[in-house]
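Letter by letter, the chains look like this.
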Amino acid sequence: MPRSAKRYYRQLNKMIMAIVIMIAGFALFNTQASAKKVNQQKFQAKEAYVMDAKTGQVLYQKNGNNKRPIASLSKLMTLYLTKKAIDNHQISWDQKVPVDSELRKMSKSYEVGGFRIKRSKEFTVRDLYKAALIASSNPAAISLGKLVGGGSNTEFVKMMNQQSKKWGLDATFVSSSGLDNSDLGKYHYRIPHTSKKAQNMVSAKAISTVAAKVLEEFPSITKWSKQPSMKVGKQVLVNSNRLLPGGAFYHKSTHVDGLKTGFTVNAGLCITVTYWHDGRHLIATIIDSNTLYTSMNKLIKTVNSKYHATKVALKSHPFSIDGHQLTAQPAESEAVIWQRNGTSSDHVVNYTATKTQLPIVKGQTVGNAIVKLADNSSTATVPMKSTVNIKKKTVKTKKAHHHVSMLSRIFGFVGGIFGGIYHLFVEFVKFMTP
């Protein structure tokens, strides 16, 4: 067969594959449903979680602690660590990012690409950040991770797991993009000592918490995540979040402004959204749903109809840390707690220390104010910040130890002399004795 014919058939196969994937995607996302039919469908998901972005208060959960595949929701941790590296001046937004030949090859794939990269250092950190967030580009996410990890994909995945552990999350990452090892192995990006089919295993609670950390580190990320589309270079990034304005499942009342979608065969359809209700930013996650957007709309509306925000005034509070007394101020003058409609607003406020040792830096979190409703139905947590600097205790024992050591040597030397004389005297007596 001539080369031109072979090239033609390869291109034709790719086009057919792309069409099949598009049709499957439309079927899965139910884009053919009318608005009335959408409202009639039931809420459906294997895992779901809704929380306040600032206080962490849980408003709804279904199997929220179950670890399972989460597909591209994993990129939220990559985006967090990338922004953290920018804030720490380890990398910059305008820095050109190296992209190796395997990732450039991946970017050309209809199945796992999402954003075409022709050459190394073609795009900046900002470009690839947008591509990973909006177009869910896997090579963009992996390239960012490698940059943050000092050129090592393995080191970056290690950082992801270390950060999870630091936050107390039950999560296991083997990928910065959310791809399974079955896909990553084709491009030689499988982490050593992991199985051929290993994948990220994270709970709905854990990834919702990561989303909250992203918002805390990068509040303006929603300026990008709420865009239905965005242009980077000559490419148009299309946001797969159909809950945004212009999307087939957009509802004005839900006030969604982000954040990340995901899909693999093992994970199913997944989404973590940020939305506003009663003046507060909330986070909602659904994992593995066949009616993803319909179910998310129903979940948001259900939560909104059952809860309203109640404000509780907070005061400064004394803490005793490592024998030192200090005063801490709440990070916010008021705590906001979500209260079920029709329940009592009576509450109690408890203050607990989280810092146990010096030093203390002014503005550092040293404890929490925990607001609990009287019926024990809900709690909200607000960090307490130190108002003073306290240095670490210094114990001057080295010099004293030196003196003691010198005295020990002197006495040891003198003792040795006298011991030697005594030994000679004893031997002499023995010799002279008949």
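Presented here is an overview of the structure given in this document. (Residues numbered from 1 in each chain as written. Predicted model: local features only at pLDDT ≥ 70, side-chain atom pairs only at ≥ 80, totals over all residues. Heavy atoms only, no water.)

## What about the overall build of the protein chain?
Then, number 1: Summing up its helical and strand segments, the protein chain has 12 helices and 16 strands in all.
Then, number 2: Within the protein chain, contacts between residues separated by at least 24 positions form 64% of all contacts whose residues are at least 6 apart in sequence.
Then, number 3: When the accessible surface of the protein chain is split by element, carbon and sulfur atoms take 55% of a total near 23400 Å². (Helix = DSSP H or I, 4+ residues; strand = E, 2+ residues; numbered from the N terminus. Contact = heavy atoms within 4.5 Å. Areas by Shrake-Rupley, 256 points an atom, 1.4 Å probe, with all protein chains shown as cover.)

## Focus on helix α9 (residues 204–217)
Then, number 1: The terminal C-alpha atoms of α9, which comprises 14 residues, lie 20 Å apart, in line with the 20 Å expected from a rise of 1.5 Å per residue.
Then, number 2: The element α9 is extensively covered by neighbouring structure, given that 11 of its 14 residues are classed as buried.
Then, number 3: Along α9, the residues classified as buried are A204, A206, I207, S208, T209, V210, A211, A212, V214, L215 and E217. (Expected span 1.5 Å × (residues − 1). Buried < 20%, exposed > 50% of the residue type's maximum accessible area, 1.4 Å probe, protein only.)

## Some thoughts on unusual backbone geometry
Then, number 1: The linkage connecting G258 with the following residue, L259, adopts the cis geometry, with an omega of 20°.
Then, number 2: Within the secondary structure, L259 is located in strand β7 (residues 256–264).
Then, number 3: Here the bond from L358 into P359 is cis, since omega is 5°, no more than 30 degrees from zero.
Then, number 4: Assignment of secondary structure puts P359 in the loop between β14 (347–353) and β15 (365–373).

## A few points about helix α7 (residues 153–166)
Then, number 1: Compared with an ideal rise of 1.5 Å per residue, which puts 14 residues at 20 Å, α7 spans 20 Å between its outermost C-alpha atoms and is within 8% of the ideal.
Then, number 2: By the burial criterion, the buried members of α7 are N153, F156, V157, M160, Q163 and S164. Seen along its axis, α7 keeps its buried residues to an arc of 115°; they face one direction. Residues of α7 that are exposed and angled more than 90 degrees away from the buried face: K165 and K166.
Then, number 3: Residues of α7 that are buried in the fold lie against α3 (75–87), α6 (138–148) and β3 (171–172).
Then, number 4: One side-chain oxygen of the residue at the start of α7 lies 3.4 Å from the amide nitrogen of T154, identifying that residue as S152. (Arc of directions from axis to C-beta. Polar contact = N/O pair within 3.5 Å; in protein donor to acceptor, adjacent residues only side chain to side chain.)

## Topic: the packing of aromatic side chains
Then, number 1: Under the defined criterion, the tally for this structure stands at nine aromatic pairs.
Then, number 2: On the numbers, 5.7 Å between centres and 85° between planes, the contact of W93 with W224 is edge-to-face. Of the two residues, W93 is situated in the loop between α3 and α4 (101–107) and W224 in helix α10 (residues 222–225); the sequence distance between them amounts to 131 residues. For the pair shown, W93 and W224 are each scored as buried.
Then, number 3: Here F115 and F123 contribute two aromatic rings whose centre-to-centre distance is 4.9 Å and whose plane-to-plane angle is 55°, an arrangement assigned as tilted. By the burial criterion, F115 is buried, and F123 matches it.
Then, number 4: Taken together, the ring pairs in this structure connect W93, Y129, F218 and W224 into an aromatic cluster. (Phe/Tyr/Trp six-rings, centres within 6.5 Å; stacked < 30°, edge-to-face > 60°.)

## What to know about the sheet that holds β14
Then, number 1: Reading across the sheet, the five strands line up as β11-β12-β16-β15-β14 and stay open at both edges, with antiparallel pairing between neighbours. One side of each edge strand has no neighbouring strand; the edge strands of this open sheet are β11 (317–321) and β14. In this sheet, adjacent strand axes meet at a mean angle of 35° when their direction is disregarded.
Then, number 2: The sheet contact formed by strand β12 (residues 324–330) and strand β16 (residues 379–386) spans three bridges and is antiparallel. In the strand pairing of β16, P330 is matched with M384. (Pairing = 2+ DSSP bridges. Axes fitted to C-alpha atoms, helices over the stretch in contact; angles between N-to-C directions.)

Remember, this is a structural readout, not a statement about activity or role.
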